[in-house]
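# A closer look at the structure
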Amino acid sequence: MSRRPIIAGNWKMNMTRAQAEELITALKPLVKDAKAEVAICVPYTDIDVAVRLCAGSNIKVGAENVAWAEKGAFTGEISADMLLELGTEYVIIGHSERRQYFGETDASVNARLKTALAKGLKPIVCVGETLEERETDKTADVIKKQITGAFDGISADDAAKVVVAYEPVWAIGTGRTATSAQAQETIAGIRAEIAALYGAAIADGMRIQYGGSMNAKNVKELMAQPDIDGGLIGGASLKAADFSLVVNYDA
Ligand code: 13P
């Protein structure tokens, strides 16, 4: 099955509204002919600016998290309805920085994923091992636990709508990219896990991104791997020229 690649930026906690406007204005003409699907996942405060500027372009807009609850007493959270009202299409769930710094667990990732799917947001679910887990040969077990935890109780129809991002924690923001062989091996393992849960057809159709110091230099080799269907890009998504080189990796 052919899977359309998806290259998504994750701005993290970067970009004021003024900076967002400048970046998107510069980015639009640079990526307009991209073959891959293009998305930018931006801070909540930038979403309306991003949606307005990306309207009529090939750039989709996403958020970086979503509440599991529909509404109510959840200080600091943002609901799916609030995101949808602004025109948000994608949402990152379970990024390792959320797990590491904000107590996100497989259970909370699962709850957020269920809500995103129920509301019609397109989820990008992140998994990945720490350096210690890789060095002690626990990568496969950790990923399996994160995948089964994230997808617990989710139907095959809904699972088919999910993009998974494999982001080894030790490769994020470190300049240390996983080798294409390491990324391919782990992502093939994720696809096998999805096949075990949902069958071969859902697994073959699922888009699985790599993330972690992906940039203009390494994108081609990573994207040449048979199971890698895109990238989730942090640092290299913060400059229009850098991000466009990643997006146009096959130009
Ligand atoms: P970097 O590209 O900065 O390593 O970040 C990757 C990432 O965490 C994307 O979600």
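To be clear, the structure that these remarks concern was listed above.
Summarised in this report is the structure supplied together with it. (Residues numbered from 1 in each chain as written. Predicted model: local features only at pLDDT ≥ 70, side-chain atom pairs only at ≥ 80, totals over all residues. Heavy atoms only, no water.)

## A closer look at the sheet that holds strand β7 (residues 208-211)
To keep things clear, this is the line we draw: Strand pairing requires that DSSP identify at least two bridges connecting the strands. Where helices and strands are cited, they refer to DSSP runs of H or I of at least four residues and of E of at least two residues respectively, numbered from the N terminus. Angles run from 0 to 180 degrees between N-to-C directions of axes, and those axes are lines fitted to C-alpha atoms, restricted for helices to the stretch in contact.
Around the barrel, 8 strands lie side by side as β1-β2-β3-β4-β5-β6-β7-β8; this closed barrel has parallel pairing. Taking each pair of neighbouring strands and ignoring which way they run, the sheet shows an average axis angle of 25 degrees. Here strand β6 (residues 163-166) runs beside β7; their pairing, made up of 3 bridges, is parallel. By the bridge assignment, V164 is partnered in β7 with I208.

## With respect to the side chain of D227
Heads up, the condition is: The cut-offs for exposure are 20% and 50% of the maximum accessible area for each residue type, with area from a 1.4 Å probe on protein chains only; residues under the lower value are buried, those over the upper are exposed, and the others partly exposed. Counting of polar contacts relies on pairs of N or O atoms within 3.5 Å, with two restrictions inside protein: one atom must be capable of donating a hydrogen and the other of accepting it, and residues adjacent in sequence are counted only when both atoms are side-chain atoms. We call two residues contacting when some pair of their heavy atoms lies within 4.5 Å.
Along the polypeptide, D227 turns up in the loop between α11 (219-223) and β8 (230-233). For D227, a relative accessible area of 14% gives the class buried. Here the side chain of D227 touches Q184 through a polar contact of 2.7 Å, side chain to side chain. Among the polar contacts made by the side chain of D227, one reaches the side chain of R191 at a distance of 2.5 Å. Not counting chain neighbours up to four residues away, the residues in contact with D227 comprise R3, Q184, I187, A188, R191 and I208.

## Description of the packing of aromatic side chains
Which entries qualify depends on this criterion: Two rings from Phe, Tyr or Trp (for Trp, the six-membered ring) form a pair when their centres sit within 6.5 Å of each other. Planes less than 30 degrees apart are called stacked, planes more than 60 degrees apart edge-to-face, and all others tilted.
In total, this model carries 3 aromatic pairs according to the counting rule given. The interplanar angle of 70 degrees and the centroid separation of 5.9 Å between the aromatic rings of F151 and Y198 together place this pair among those described as edge-to-face. Here Y198 lies in helix α9 (residues 180-198) and F151 lies in the loop between α7 (139-150) and α8 (156-159), a separation of 47 residues in the sequence.

## So, helix α12 (residues 240-247)
Heads up, the condition is: Within this analysis, the arc is defined by the directions that extend from the helix axis to the C-beta atoms.
Buried within α12 are the following residues: A240, F243, S244, V246 and V247. Each buried residue of α12 lies within a common arc of 160 degrees when the element is viewed along its axis, so the set occupies one face. Where α12 is buried, its residues meet β1 (6-10), α1 (17-31), β2 (37-41), α11 and β8.

## Points about the environment of R4
Here R4 is to be found in the segment before β1. According to the relative accessible area criterion, R4 is partly exposed, its value standing at 45%. Through-space distance from the C-alpha of R4 to that of M206 is 9.8 Å; in sequence the pair is 202 residues apart. R4 has contacts with A34, K35, A36, E37, R207 and D229, leaving out every residue within four places of it along the chain. A distance of 3.4 Å separates the side chain of R4 from the backbone oxygen of A36, its partner in a polar contact.

## So, the site of the ligand
Worth spelling out the cut-off: Whether a residue is near a molecule or strand depends on its heavy atoms: if one lies within 4 Å, it is near. All accessibility values rest on the Shrake-Rupley procedure with a 1.4 Å probe; residue burial counts only the protein chains present in the view. Gly falls in the polar group here, along with every residue not listed as nonpolar (Ala, Val, Leu, Ile, Met, Phe, Trp, Tyr, Cys, Pro) or charged (Asp, Glu, Lys, Arg).
Neighbouring the ligand are the residues N10, K12, H95, E167, A171, I172, G173, G212, S213, L232, G234 and G235. Between the ligand and the protein, one listed contact pairs an oxygen atom with a side-chain N or O atom of N10 at 3.0 Å. Between an oxygen atom of the ligand and a side-chain N or O atom of K12, the distance comes to 2.8 Å. Within the complex, 95% of the 310 Å² of free accessible area of the ligand lies under protein. Taken together, the residues of the shell around the ligand sort by class into 3 nonpolar, 7 polar and 2 charged.

## With respect to the packing of α7 against α9
We count it as follows: Any angle between 65 and 115 degrees counts as roughly perpendicular, while under 35 counts as roughly parallel, over 145 as roughly antiparallel, and the rest as oblique. A clockwise turn of the near helix away from the far one marks a right-handed crossing, whereas an anticlockwise turn of less than a right angle marks a left-handed crossing.
Remark: α7 packs on α9, axes separated minimally by 10 Å, with the N-to-C direction vectors making an angle of 45 degrees. Taken together, the axis directions place α7 and α9 in an arrangement best described as oblique. At the point where α7 passes α9, the crossing takes the right-handed sense. Contacts from T139, I143, K144, I147 and T148 in α7 reach T186, I190, E193, I194 and L197 in α9.

## Observations concerning α7
Rules: To estimate how far a helix should reach, multiply one less than its number of residues by 1.5 Å.
Compared with the 16 Å implied by 1.5 Å per residue over 12 residues, the 16 Å span of α7 between its first and last C-alpha is a close match. Buried within α7 are the following residues: T139, V142, I143, Q146, I147, G149 and A150. Seen from one end, α7 has its buried residues packed into an arc of 165 degrees, which puts them on one side. For α7, the exposed residues lying more than 90 degrees away from the buried face are A140, D141 and K145. On its buried side, α7 packs onto α4 (96-101), α5 (106-119), β5 (122-127), α6 (131-135), β6 and α9.

## Focus on unusual backbone geometry
The backbone phi angle of D137 is positive, close to 65 degrees, even though this residue is not glycine. Relative to the assigned elements, D137 resides in the loop between α6 and α7. Notably, S213 is not glycine yet its phi reads approximately 55 degrees, a positive angle. Within the element layout of this structure, S213 appears in the loop between β7 and α11.

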